[in-house]
Amino acid sequence: MTDQAARNVSLEQMDTDTTLHAYTALDEHLKNGPERIIASGNGIYITDTQGRTYIDSMASLFCVNVGYGRSEVADAISEQAHKMAYFHTFCGNANEPQILLADRLLNGLLPQNMSKILFASSGSEANDANVKLAWNYQIFRGKPKKRKIIAREGGYHGVTVMGASLSGLPIMHQAFGLPLDCVIHTDKPHYFWGGNPGESELDYSKRLAKNLDELIQREDPETVCAFIAEPVMGAAAAVCPPEGYFQEIQKVLDKHDVLFIADEVITGFGRLGAWFGSELYGIEPDLMTLSKGITSAYMPSSASVVSKKVWDVISATHPEMPMFASGSTAAGHPIACAAALACLDIYENENLINNAKVVGKYFKDQLNERIGDHPLMGEVRGEGLMLAVELVADKDTKEVLNLEWDCSHRLFDLCLEEMLITRGFFGHNSSSFAPPLTITTSEVDDIIGRFEKGLNKLADELVADGRWKPKN
Ligand code: PLP
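The present account deals with the structure reproduced in this document. Numbers given to residues run from 1 along each chain, matching the order in which its sequence is written. Local features are withheld for residues below a pLDDT of 70 in this predicted model, meaning they are given only at 70 or higher, and side-chain atom pairs are given and counted only at 80 or more; totals for whole chains, interfaces and linings count all residues. Only hydrogens and water are set aside; all other atoms, that is, all heavy atoms of the structure, feed into the side-chain values.

**Some details on the pairing of strand β12 (residues 386–391)**
Line of reasoning, step 1. Working definition: with a 1.4 Å probe on protein chains only, accessible area under 20% of the residue-type maximum means buried, over 50% means exposed, and in between means partly exposed. Secondary structure elements follow DSSP: runs of H or I no shorter than four residues count as helices, runs of E no shorter than two count as strands, and numbering proceeds from the N terminus. Of all the six residues making up β12, six are buried; the element is thus mostly covered by neighbouring parts of the structure.
Line of reasoning, step 2. Of the two faces of β12, the one holding Met-386, Ala-388 and Glu-390 and the one holding Leu-387, Val-389 and Leu-391 are both buried throughout.
Line of reasoning, step 3. Two strands pair if DSSP finds at least two bridges between them. Note that strand β11 (residues 377–383) and β12 share six bridges and pair antiparallel. What sits directly across from Gly-382, in β12, is Leu-387.
Line of reasoning, step 4. Here β12 runs beside strand β14 (residues 430–433); their pairing, made up of four bridges, is antiparallel. Along β14, the bridge assignment pairs Ala-388 with Ser-432.

If you want it as structure tokens, here you go:
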């Protein structure tokens, strides 16, 4: 008899009694229990313990890129667990899947100037490690005062003390007394909201680069270590760089001898229809952060990728600092690396990167065609299979829909009624889509059909209680 049966307690009750859930209103969870208990998954579908099947148009948290229920990955995990489940990678210890994975990533997939990989388990940890590597680089170059890290408003870089500090979301700071003093935020590059009337995208990019230049000068370039950015912003809902943005930013960073950390936790492994966002946007990162798609979340894994430029400095001998004194127990975990190798096989054998490009374009075109004219629709945006729509009260004047109404989460709930999982956001009225890269055009049609129903219900609600009136 299981403990649960002996105590006559439901899974729902056990969860309520025992678990502090991430990104969850704790009082509501105590009152209502878990939203759903997911039992199985297949392709783009997940099914809960009550037998309800949903389309997951978000690949969970932008991560199940190869789709649910892939036995190839499960088999690779099982095989590795039976053969050699774990030995650490400290003190120069290695294992076969970790070696093969690093080699495969560096020789053919990652940008050519990348030289070494430091594995960890989560995106947050890998971002922390990248900041440490950037500090390490500056210290070893004799520039220990270069400590400040510039991130962007609206960016998301994780939940560790540094990851949350880098993230440009007030909700992640307020309750914890963050950000750390060494983190500064600069503009979120969202042309739809930030561009001035008549200003071209390129001019907007130049203006933001000038703002960054002035910020670094104000702070003193001798104190600025690195800049971190997601190629396309996830928590800001698929905010893509405006034309020329990264080129303009890169010029400023080069001028002030500031490193570029590309946080590719979401954008890596094909999400944008290219292996990495850096390649798509011509970014030349000094450090890269990978996670999510590396194993499609079948196992926790992440990586800090070190360029030759940084490696050459940090690998030099420093007698007073005899080792790279950082790294976590699960770094280079053989089961996670075996899962990653199986995912790489799937990406390549099924041409998923190209599928993300082709079906992503179809998805965006269909969103524009089918709901682009909806009176609530402000912007359809994104790249590859990282897409979003943003609602407005008036599409001509871009009047904001009152944020207190929390239309983003309301729309999420209304889509759930259609058995569609999307993504709600705080602080902006967006909804986003990032399905498994295996998605087909007919599945896209199904998602948009369900989303349209949710959107129409939201419009009806807003009209019914007089909060909003569509413009004729
Ligand atoms: N960076 C980006 C761009 C992310 O989207 C995330 C998570 O969503 C992270 C870092 C943090 O990754 P993790 O949740 O694995 O710590």
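We are not done yet, so read on.
**Focus: the pattern of salt bridges**
Line of reasoning, step 1. Basic side-chain nitrogens of Lys or Arg form a salt bridge, by our definition, when they fall within 4 Å of a carboxyl oxygen of Asp or Glu. Under the defined criterion, the tally for this structure stands at 27 salt bridges.
Line of reasoning, step 2. Linking Arg-52 and Asp-48 is a salt bridge whose minimum nitrogen-to-oxygen distance equals 2.7 Å.
Line of reasoning, step 3. Between Arg-141 and Asp-257 there is a salt bridge, with the nearest N and O atoms lying 3.0 Å from each other. Placement of Arg-141 in the loop between α7 (123–140) and β5 (148–152) and of Asp-257 in the loop between α11 (245–255) and β8 (259–263) is noted, with a sequence separation of 116 residues between them.
Line of reasoning, step 4. For Arg-141, a relative accessible area of 29% puts it in the partly exposed group.
Line of reasoning, step 5. Where salt bridges share partners, they join Arg-70, Glu-72 and Glu-350 into one cluster.

**Some remarks on the sheet that holds strand β7 (residues 224–229)**
Line of reasoning, step 1. Within the open sheet, the seven strands sit side by side as β4-β10-β9-β8-β7-β5-β6. Their pairing is mixed. The two strands at the open ends of the sheet, each matched to only one other strand, are β4 (114–120) and β6 (183–186). The sheet shows a mean angle of 20 degrees between the axes of neighbouring strands, direction not considered.
Line of reasoning, step 2. Strands in contact with helix α10 (residues 201–219) are β5, β6 and β7; relative to β6, the strand with the most contacts, it is inclined by about 155 degrees. Interaxial angles span 0 to 180 degrees and are taken between N-to-C directions of axes, which are lines fitted to C-alpha atoms, for helices over the stretch in contact. Residues count as neighbours in contact if any of their non-hydrogen atoms are within 4.5 Å of one another.

**What to know about the site of the ligand**
Line of reasoning, step 1. Taken together, the residues surrounding the ligand are Ser-122, Gly-123, Ser-124, Asn-127, Tyr-156, His-157, Gly-158, Glu-230, Asp-263, Val-265, Ile-266 and Lys-292.
Line of reasoning, step 2. Pairs of N or O atoms are called polar contacts if they sit within 3.5 Å, as long as, within protein, a hydrogen donor faces a hydrogen acceptor (for residues adjacent in sequence, only side-chain-to-side-chain pairs). Within the contact set of the ligand, an oxygen atom lies 2.9 Å away from a backbone nitrogen or oxygen of Gly-123.
Line of reasoning, step 3. One nitrogen or oxygen atom from the side chain of Lys-292 is found 2.9 Å from an oxygen atom belonging to the ligand.
Line of reasoning, step 4. Ranked by the residues each element gives to the shell around the ligand, the list is headed by α7, at three residues.
Line of reasoning, step 5. The residue makeup of the shell around the ligand, split by class, is three nonpolar, six polar and three charged. If even one non-hydrogen atom of a residue comes within 4 Å of a molecule or strand, that residue is called near it. Amino acids are sorted into nonpolar (Ala, Val, Leu, Ile, Met, Phe, Trp, Tyr, Cys and Pro), charged (Asp, Glu, Lys and Arg) and polar (every other residue, Gly among them).

**Observations concerning the state of the cysteines**
Simply put, disulfide is the name for a covalent bond between the sulfur atoms of two cysteines.
Line of reasoning, step 1. Note on terminology: disulfide denotes any pair of cysteine sulfur atoms within 2.5 Å. With the rule as written, the count across this model stands at zero disulfides.
Line of reasoning, step 2. The thiol of Cys-182 is not disulfide-bonded; the next cysteine sulfur, from Cys-225, is found 9.2 Å away.
Line of reasoning, step 3. Free of any disulfide, Cys-337 has its nearest cysteine sulfur in Cys-343, 12 Å distant.
Line of reasoning, step 4. Among the residues examined, Cys-337 registers a relative accessible area of 1% and is labelled buried.

**Here we look at the side chain of Ser-408**
Line of reasoning, step 1. Of note, Ser-408 is situated in helix α16 (residues 407–417).
Line of reasoning, step 2. Residue classification places Ser-408 among the buried residues on the basis of a relative accessible area of 2%.
Line of reasoning, step 3. Among all residues touching Ser-408, those that are not within four sequence positions of it are Arg-423, Gly-424, Phe-425, His-428, Asn-429 and Ser-430.

**Details of the nonpolar core**
Line of reasoning, step 1. What makes a nonpolar core is a set of buried Ala, Val, Leu, Ile, Met, Phe, Trp, Tyr and Cys residues whose side-chain atoms join them at distances within 4.5 Å. The biggest cluster of nonpolar side chains holds 100 residues, and the ones touching the most others in it are Leu-110, Phe-227 and Tyr-347.
Line of reasoning, step 2. For this core, the element with the most residues is helix α14 (residues 334–349), which contributes eleven residues.
Line of reasoning, step 3. The residues touching Leu-110, leaving out its near neighbours within four places in the chain, are Leu-105, Ile-117, Phe-276, Met-288, Leu-290 and Val-305.
Line of reasoning, step 4. Ranked by size, the runner-up nonpolar core spans 22 residues in total, among them Ala-134, Ile-149, Cys-182 and Leu-287.

**Here's the deal with the packing of helix α5 (residues 71–84) against α14**
The axes of two packed helices give the description: the angle between them and the distance between them.
Line of reasoning, step 1. Relative to each other, α5 and α14 sit at 150 degrees, their axes nearing to 8 Å. Between α5 and α14, the interaxial angle falls into the category roughly antiparallel. Handedness of the crossing formed by α5 with α14: right-handed. In contact with Glu-72, Val-73, Ala-76, Ile-77, Gln-80, Ala-81 and Met-84 of α5, α14 contributes Pro-334, Ile-335, Ala-338, Ala-339, Ala-342, Cys-343 and Ile-346.
Line of reasoning, step 2. For the contact of α5 with α14, the per-class residue count stands at twelve nonpolar, one polar and one charged. Angles are sorted into four bins: roughly parallel if under 35 degrees, roughly antiparallel if over 145, roughly perpendicular if 65 to 115, and oblique for all others. Less than a right angle of anticlockwise turn of the near helix away from the far helix marks a crossing as left-handed, whereas a clockwise turn marks it as right-handed.

Geometry only, nothing functional implied.
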